[in-house]
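Residue-level structural notes
Read off the chains here:
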Amino acid sequence: MSFVILAVVAIAALVGVAVLVITLSKGGSADGAGTAREAPLQAARSRDVIFFLRFEGRDDETYVRDLSARHGQIHSATQAREAALDVVRAAPTATHAYCGPATTAPQGPGLAHTGLPGGVVLGFLVRGTKPLDTVADDSSLQSVVAELRKIAAWVDSDFAGADLKLAQVAIDAPAPPLVAVRKETRPGHQLCVYCGEAFLAHDTRCPNCGARVGA
Ligand SMILES: [Zn+2]
């Protein structure tokens, strides 16, 4: 039925007959009008939010394994804050990411959707007492970290639960696929204006093409 409504609206838009749209909205319910206002790329809000972050390379993998062992039990806002802060510290070198409503990953933080060999994936489920923001563009690591920082600032009344795990991975896992991070969105990184490579924000010379930038 919603398909029919969409089709009618699309035709109306194509023909440009504003009168028809007005007639439809008069005839339709208030609910219908509300649905039409929703932007397609708007991030969902949810009390339960799940993060997945993938890392590769020996140093990162060791750090992430230690991190998940350290935060195996999260029973308070304080422990959730500490876990979130550690994930924020690790995040700048993540290769792939996801942040969305926990309903998208019914098996929880312990099972991630990726077919990539090697590396480790950290799963972090947070349960808030109020709706939490998620991310519309998972390739923006900055956006994912911004949501993690909000968890790292939780007060006691925000906390309903949290679970941090080293995730198993499967190419057909019933969970949203992790998205490749755009390097220039890594916190502390900049994009070379000459060759397009991402590198550390405090560097004044691009390690890829040798161009001098900024400073
Ligand atoms: Zn360059």
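Let me begin by describing the structure that accompanies this report.

About the cut-offs
Residues numbered from 1 in each chain as written. Predicted model: local features only at pLDDT ≥ 70, side-chain atom pairs only at ≥ 80, totals over all residues. Heavy atoms only, no water. Pairing = 2+ DSSP bridges. Helix = DSSP H or I, 4+ residues; strand = E, 2+ residues; numbered from the N terminus. Donors = N, O, S within 2.8 Å, 3.2 Å for Na, K, Ca; no water. Tetrahedral: all angles 85-135°; square planar, octahedral: opposite > 155°, others 65-115°. Buried < 20%, exposed > 50% of the residue type's maximum accessible area, 1.4 Å probe, protein only. Arc of directions from axis to C-beta. Contact = heavy atoms within 4.5 Å. 1 Å grid on protein atoms, 1.4 Å probe; cavity = no way out; pocket = protein on both sides within 12 Å on 5 of 7 lines; lining within 4 Å. Points joined across faces, edges and corners; volume = space filled by probe spheres on them. Nonpolar A, V, L, I, M, F, W, Y, C, P; charged D, E, K, R; others polar. Core = buried A, V, L, I, M, F, W, Y, C linked by side-chain atoms within 4.5 Å.

With that settled, the discussion passes to the sheet that holds strand S2 (residues 96–101). With mixed pairing, the 6 strands of this open sheet are ordered in space as S3-S5-S4-S1-S2-S6. Each edge of the open sheet is held by one strand with a lone partner, namely strand S3 (111–113) and strand S6 (179–180). Across 6 bridges, strand S1 (residues 45–55) lies against S2 in antiparallel orientation. Within the sheet, the bridge partner assigned to Val 49 lies in S2 and is Pro 101.

As a further point, take the coordination of the zinc ion. The protein atoms donating to the zinc ion are Cys 192 (SG), Cys 195 (SG), Cys 206 (SG) and Cys 209 (SG), with metal-donor distances spanning 2.3 Å. Here the zinc ion is ringed by 4 donor atoms whose angles at the metal span 107 to 114 degrees, and the overall shape comes out tetrahedral. Binding-site remark: the zinc ion is held by donors from one chain whose sequence spacing is C-x2-C-x10-C-x2-C.

Next up on the list: helix H6 (residues 141–151). Here H6 has its buried residues at Leu 141, Val 144, Val 145, Glu 147, Leu 148 and Ile 151. Around the axis of H6, the buried residues are gathered within 155 degrees of arc, so they sit on the same side. Residues of H6 that are buried sit in contact with S1, helix H5 (77–90), S2 and strand S4 (120–133).

Further remarks concern the layout of surface pockets. The rolling of a water-molecule-sized probe over the atoms marks out the regions of remaining empty space. Space inside the second largest pocket adds up to approximately 150 Å³. Lining the second largest pocket are 13 residues, and of these Pro 131, Leu 132, Asp 133, Lys 150 and Trp 154 lie nearest its centre. The leading source of residues in the lining of the second largest pocket is S4, at 6 residues. Partitioning the lining of the second largest pocket into residue classes produces 7 nonpolar, 1 polar and 5 charged.

This next bit is on the nonpolar core. Nonpolar side chains tend to gather and get buried jointly when the protein is soluble and globular. Counting residues in each nonpolar core, the largest one holds 35 residues, and the members touching the most others are Phe 51, Leu 53, Phe 124 and Val 126. The greatest single-element share of this core, amounting to 7 residues, is contributed by H5. If we skip the residues at most four places from it in the chain, Leu 53 touches Val 87, Ala 91, Ala 94, His 96, Ala 97, Val 120, Val 121, Leu 122, Leu 141, Val 144, Leu 148 and Leu 178. Core analysis: the second largest hydrophobic core is formed by 11 residues, Phe 52, Ala 112, Ala 175 and Leu 178 among them.

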